[in-house]
Amino acid sequence: MKRVALLGATGSIGRQAIEIISAHPELELVAAASGTTPLDDVDAPLKQVGGDLTELLERAEPDVVLNAVVGFAGIHATLWTLERGIDLALANKESLVAGGELATRLRGRIIPVDSEHSALFQCLEGQSGVETLVLTGSGGPFRGRTRDELQDVTAEQALAHPTWRMGPKITIDSATLANKGLELIEAHFLFDVPYDRIEVVIQPTSIVHSLVRFRDGAALAHLGQPDMRVPISYALTYPARAATPLEPLDLTRLTLEFQAPDVETFPMLELAREAGKKGGTYPASYNAANEVAVASFLAGKLPFLGIADVVADVLERVDGSPARDLTDLIAADETARRFAQEQLTPV
Ligand code: NAD
Ligand code: MG
């Protein structure tokens with residue numbers, strides 16, 4: 001039996017994880033947590049709504065922690081798990097983006113749940129001679145639009161993602177390409193590959209989940225339906241690769257098209273690359289400013305294009321000095337949030 005603690009159990013990833021766990025006799029849900037949504041319909045011996053997630057983890061004694069919390073709020077659980085050498089199935093990319101320099105010093109193993117990183121993890125297993133990682137992205141609901149056409153887009157339009165059904169924050173991140181920016185930094189920390197050897201390419205139907213190019217000219221790709229149950233199942237049952245109820249891909253119906261990302265229209269991708277290259281707490285500031293800006297956009301208080309403006313402004317203002325510990329990291333996160341708020345409501 002593998003004891004699973006599920007954080008973010010009421011979310012998009014959390015719900016799908018419960019489906020996977022229920023279907024596998026070797027997986028046991030020992031603890032479930034959410035932010036504010038009740039857990040009445042979740043069947044687990046330990047449950048917690050709000051509060052300190054690490055207290056729940058202490059009691060749960062898990063073999064694997066699935067961190068599917070959204071945002072920087074997942075940082076404590078990520079570091080707690082890695083410090084103890086417990087396997088971390090990581091959906092909460094924001095914690096690794098912000099805390100990657102701290103997290104990579106710890107002994108626990110991260111098994112990515114993000115579909116692109118799960119794909120890369122699989123393509124890299126047992127390999128050598130890696131040239132570049134190629135992250136794929138759908139391009140989001142506004143792929144092909146000009147900046148002019150994005151002036152007045154609403155939260156509702158941005159929430160209509162073409163290929164994935166996800167929580168609201170990551171769906172907006174997909175529309176701005178901040179999600180691919182966060183994933184670029186996530187890939188850097190997960191696989192220890194420098195930023196100039198991580199490419200991003202648009203593959204509109206989300207069938208190719210990412211690729212690895214090797215020095216002999218070969219490229220290995222991971223193909224599948226855009227369905228998060230696959231990477232969730234892979235991470236929870238690794239290395240066994242348990243069965244899922246998915247239909248096999250119908251290859252005769254596939255045509256695969258790739259495009260370069262439009263970095264002029266969607267500045268969040270290159271802002272992430274710059275923040276990642278600078279290192280220190282720049283990625284944490286990028287993430288914090290984005291969280292504030294996305295919340296403001298969802299509340300109808302900031303135009304869509306304003307999200308990148310807020311993040312760019314905050315990155316100009318922060319000093320980016322490295323965090324020695326979690327206290328430093330939280331301070332950097334708070335500073336970036338404060339700068340973002342000031343940008344939203346100028347005094
Ligand atoms: P969601 O908004 O649907 O769910 C978020 C979950 O986190 C909820 O259960 C909520 O109660 C919980 N939560 C929020 N704040 C919390 C707190 N302070 N303490 C405890 N729980 C808290 O989000 P989602 O789409 O499931 O995404 C979760 C994470 O997975 C994000 O980091 C996202 O980027 C990542 N991810 C999601 C998908 C997807 O398909 N949804 C794909 C790849 C990566
Ligand atoms: Mg992803």
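The text that follows walks through the structure, step by step, so that each part is easy to find.

What counts, and at which threshold
- Residues numbered from 1 in each chain as written.
- Chains lettered and ligands numbered in written order.
- Predicted model: local features only at pLDDT ≥ 70, side-chain atom pairs only at ≥ 80, totals over all residues.
- Heavy atoms only, no water.
- Pairing = 2+ DSSP bridges.
- Helix = DSSP H or I, 4+ residues; strand = E, 2+ residues; numbered from the N terminus.
- Axes fitted to C-alpha atoms, helices over the stretch in contact; angles between N-to-C directions.
- Expected span 1.5 Å × (residues − 1).
- Buried < 20%, exposed > 50% of the residue type's maximum accessible area, 1.4 Å probe, protein only.
- Donors = N, O, S within 2.8 Å, 3.2 Å for Na, K, Ca; no water.
- Parallel < 35°, antiparallel > 145°, perpendicular 65-115°, else oblique.
- Left-handed = near helix turned anticlockwise from the far one by under 90°.
- Contact = heavy atoms within 4.5 Å.
- Salt bridge = Lys/Arg side-chain N within 4 Å of Asp/Glu carboxyl O.

**Let's talk about the sheet that holds strand β4 (residues 64-67)**
Read across the sheet, six strands follow the order β3-β2-β1-β4-β5-β6 without closing on themselves; strand pairing throughout is parallel. Of all strands in the sheet, those bounded by a partner on one side alone are β3 (46-49) and β6 (110-112). Geometrically, the sheet is characterised by an average inter-axis angle of 20° between neighbouring strands, direction not taken into account. The pairing of strand β1 (residues 2-7) with strand β2 (residues 27-34) spans six bridges and is classified as parallel. Across the sheet, the residue bridging to V4 is L29, located in β2.

**Side note on helix α12 (residues 306-317)**
Relative to the 16 Å expected for twelve residues at 1.5 Å per residue, α12 spans 17 Å between its end C-alpha atoms, a close match to the ideal helical length. Within α12 the residues assigned to the buried category are G306, I307, A308, V310, V311, V314 and L315.

**Comments concerning the coordination of the magnesium ion (ligand 2)**
Distances from the magnesium ion (ligand 2) to its protein donors, namely D114 (OD), E116 (OE) and E183 (OE), fall within the range 2.0 to 2.2 Å. Motif for the magnesium ion (ligand 2), donor spacing along one chain: D-x1-E-x66-E. In terms of burial, D114 and E116 fall into one category: buried.

**What about the packing of helix α8 (residues 178-191) against helix α11 (residues 282-298)?**
How two helices sit against one another is set out by the angle between their axes and by the gap between those axes. Relative orientation of the contacting elements α8 and α11 amounts to 155°, with a least axis distance of 11 Å. The angle between α8 and α11 places the two elements in the roughly antiparallel class. With respect to the hand of their crossing, α8 and α11 are arranged in left-handed fashion. The residues of α11 that touch α8, namely those facing A178, G181, L182 and I185, are P283, Y286, N287 and N290.

**So, the pattern of salt bridges**
What the rule picks out here adds up to 20 salt bridges. One salt bridge connects R213 with E199, and the closest N-O pair in it is separated by 2.7 Å. Note that R213 is positioned in strand β9 (residues 208-214) and E199 in strand β8 (residues 198-202), a separation of 14 residues in sequence. Residue R213 is classed as partly exposed on the basis of its relative accessible area of 38%. Exposure remark for E199: the relative accessible area of 28% places this residue in the partly exposed category. Residues joined by salt bridges that share partners form a network here, namely K93, D114, E116, K180 and E183.

Coordinates in, geometry out; function isn't part of it.
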